[in-house]
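An overview of the molecular structure
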Amino acid sequence: MSTDSLILRRPDDWHIHLRDDAMLAAVLPATAEVFARAIVMPNLKPPVTTTAQAAAYRERILRQTPAGSGFTPLMTCYLTDNTDPEDLAAGHAEGVFTAAKLYPAGATTNSDAGVTDVRRLHRVLERMQAIGMPLLVHGEVVDHDVDVFDREAVFIDRILRGLRRDFPALKIVFEHITTAEGVAFVRAAEGPTAATITPHHLLINRNAMFDRGIRPHAYCLPVAKRERHRLALCAAATSGNPRFFLGTDSAPHLRHLKEQDCGCAGVYNAPTAMACYAELFAEAGCLERLEGFASEFGPAFYGLPLNADRIRLFRTEPQAAPPDLVTPDGEVRVFAPARILGWQVERLASAA
Ligand code: DOR
Ligand code: ZN
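My aim in this report is to walk through the structure given alongside it, one point at a time. (Residues numbered from 1 in each chain as written. Chains lettered and ligands numbered in written order. Predicted model: local features only at pLDDT ≥ 70, side-chain atom pairs only at ≥ 80, totals over all residues. Heavy atoms only, no water.)

**Examining the sheet that holds strand S4 (residues 72–78)**
Strand order in this open sheet of eight strands is S2-S3-S4-S5-S6-S7-S8-S9, and the pairing throughout is parallel. Two strands in the sheet have a free side with no partner beyond their single neighbour: strand S2 (13–16) and strand S9 (244–246). When strand polarity is set aside, the average angle formed by the axes of neighbouring strands in this sheet is 30 degrees. Both strand S3 (residues 37–40) and S4 contribute to a ladder of four bridges, which runs parallel. If you follow Val-40 over to S4, its bridge partner there is Met-75. On the sheet, helix H6 (residues 180–188) packs against strand S7 (172–174), strand S8 (193–197) and S9 and is oriented at approximately 145 degrees with respect to S8. (Pairing = 2+ DSSP bridges. Helix = DSSP H or I, 4+ residues; strand = E, 2+ residues; numbered from the N terminus. Axes fitted to C-alpha atoms, helices over the stretch in contact; angles between N-to-C directions. Contact = heavy atoms within 4.5 Å.)

**Concerning empty space enclosed by the protein**
This model, assessed by the stated rule, comprises two cavities of 30 Å³ or more. There is about 120 Å³ of room inside the largest cavity. Grouping the amino acids of the lining of the second largest cavity by side-chain chemistry returns three nonpolar, two polar and three charged. (1 Å grid on protein atoms, 1.4 Å probe; cavity = no way out; pocket = protein on both sides within 12 Å on 5 of 7 lines; lining within 4 Å. Points joined across faces, edges and corners; volume = space filled by probe spheres on them. Nonpolar A, V, L, I, M, F, W, Y, C, P; charged D, E, K, R; others polar.)

**Re the coordination of the zinc ion (ligand 2)**
Those donors, His-15 (NE2), His-17 (NE2) and Asp-249 (OD), are the protein atoms that reach the zinc ion (ligand 2), and they lie 2.0 to 2.1 Å from it. In the primary structure, the donors to the zinc ion (ligand 2) are separated according to the pattern H-x1-H-x231-D. As far as the burial class goes, His-15 and His-17 line up, both buried. (Donors = N, O, S within 2.8 Å, 3.2 Å for Na, K, Ca; no water. Buried < 20%, exposed > 50% of the residue type's maximum accessible area, 1.4 Å probe, protein only.)

**A word on the side chain of His-17**
Along the chain, the position of His-17 falls in the loop between S2 and helix H1 (21–34). Its relative accessible area of 8% is what places His-17 among the buried residues.

**Section: the site of ligand 1**
The immediate surroundings of ligand 1 are formed by 13 residues, with Arg-19, Asn-43, Thr-108, Leu-221 and His-253 found nearest. Residue Thr-109 places a side-chain N or O atom 3.2 Å away from an oxygen atom belonging to ligand 1. Note that an oxygen atom of ligand 1 is positioned 3.3 Å from one of the backbone N or O atoms of Gly-266. Across the complex, the protein chains shield 100% of the 290 Å² of accessible surface that ligand 1 would expose by itself. More than half of the atoms of ligand 1 fall within 2 Å of the grid points belonging to the largest cavity. Of the residues assigned to the shell around ligand 1, the class counts are four nonpolar, seven polar and two charged. (Near = heavy atom within 4 Å. Polar contact = N/O pair within 3.5 Å; in protein donor to acceptor, adjacent residues only side chain to side chain. Areas by Shrake-Rupley, 256 points an atom, 1.4 Å probe, with all protein chains shown as cover. Sits in = over half its atoms within 2 Å of the grid points.)

**What to know about the layout of surface pockets**
Taken as a whole, the largest pocket holds about 580 Å³ of empty space. Together, 24 residues line the largest pocket, and Arg-19, Lys-45, Asn-110, Pro-252 and His-253 are the ones closest to its centre. Looking at which element gives the most residues to the lining of the largest pocket, the answer is H1, with three residues. Of the residues in the lining of the largest pocket, the class split is eleven nonpolar, eight polar and five charged.

**Observations concerning the packing of aromatic side chains**
Geometry of an aromatic ring pair is reported as the spacing of the ring centres plus the angle between the planes. Taken as a whole and assessed by the stated rule, the structure comprises nine aromatic pairs. Linked through ring pairs, Trp-14, Phe-245, Phe-301 and Tyr-302 together constitute an aromatic cluster. Here the basic side chain of Lys-171 rests over the ring of Phe-301, its NZ or CZ set 5.9 Å away from the ring centre. Over the aromatic face of Phe-314 sits the side chain of Arg-312, whose NZ or CZ is 4.2 Å from the ring centroid. (Phe/Tyr/Trp six-rings, centres within 6.5 Å; stacked < 30°, edge-to-face > 60°. Lys NZ or Arg CZ within 6 Å of the ring centre and 35° of its normal.)

Listed below in structure tokens is the structure:
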């Protein structure tokens, strides 16, 4: 196979932040152009906690979706200590909710209303297990005595193993894993377990945050880890193991909100995500495995059909880095390490 061109089934993004209002309008085209579906995170202000809120948010997204893109947003419920299992199950049955998201309270952007103790979710998780609704997990503990770089590994031991044991048939997606421990857990877990892996966690390690100065645009949560963890993520993503699939965690913040005394966590990568993954798989010498990771393993785990459309990825001479995304409220920096800048994406005409 040529290492410079590849046709694959149109991918899906199994983890994205599309935001709302002007930011939604600004970021949605880049995702809808390439990805057929996306699992939309519910951490708005206020969070999307009910079926009615999710249905309204989906309408706002669909109104901004470029005509002809064929893009479908898949909605998620933000779990709280007070989530009503009946509303959650009804929203799932109606096709509004695809999955539900567990944010430990205080773990990341707009997670203050998240879950303070997973034991409070017992009835909710039992119900999700019974109806086959996936649980998406932000896997970090927030205890102040736990080092920020250890939050994921400690979460596995303190919370995730118990969840996996207590709800053996629950579909669990360990979102945006960042550690060798996360990879090992997902590989070995019994029961339906998967993980998403972001472009940025595949391409940068924690040095990127301190490269000749402090780099707020390389800061996200979970924070990037040591090189050995990045290598473990690369090995997992390119292994062909269907438990690992694509989720960009594209999380736009205005520049001035990242470049300040206390900068926001999040990397905006929607315009360059497929270029990042292509470069990583090409470097690993297994571009032929990208289609499984990007377009097949996610639908299989979620029990959804494969997309019929195709895209082409191809490499050109290195291009200029993409400019900041302009919104009415300010600019958003696009994640674009130099080595991905030759890759282009093209939608192919539908076969139908
Ligand atoms: O870096 C992050 N940004 N991690 C998250 O978990 C949330 C996200 C956001 O919403 O900005
Ligand atoms: Zn996220």
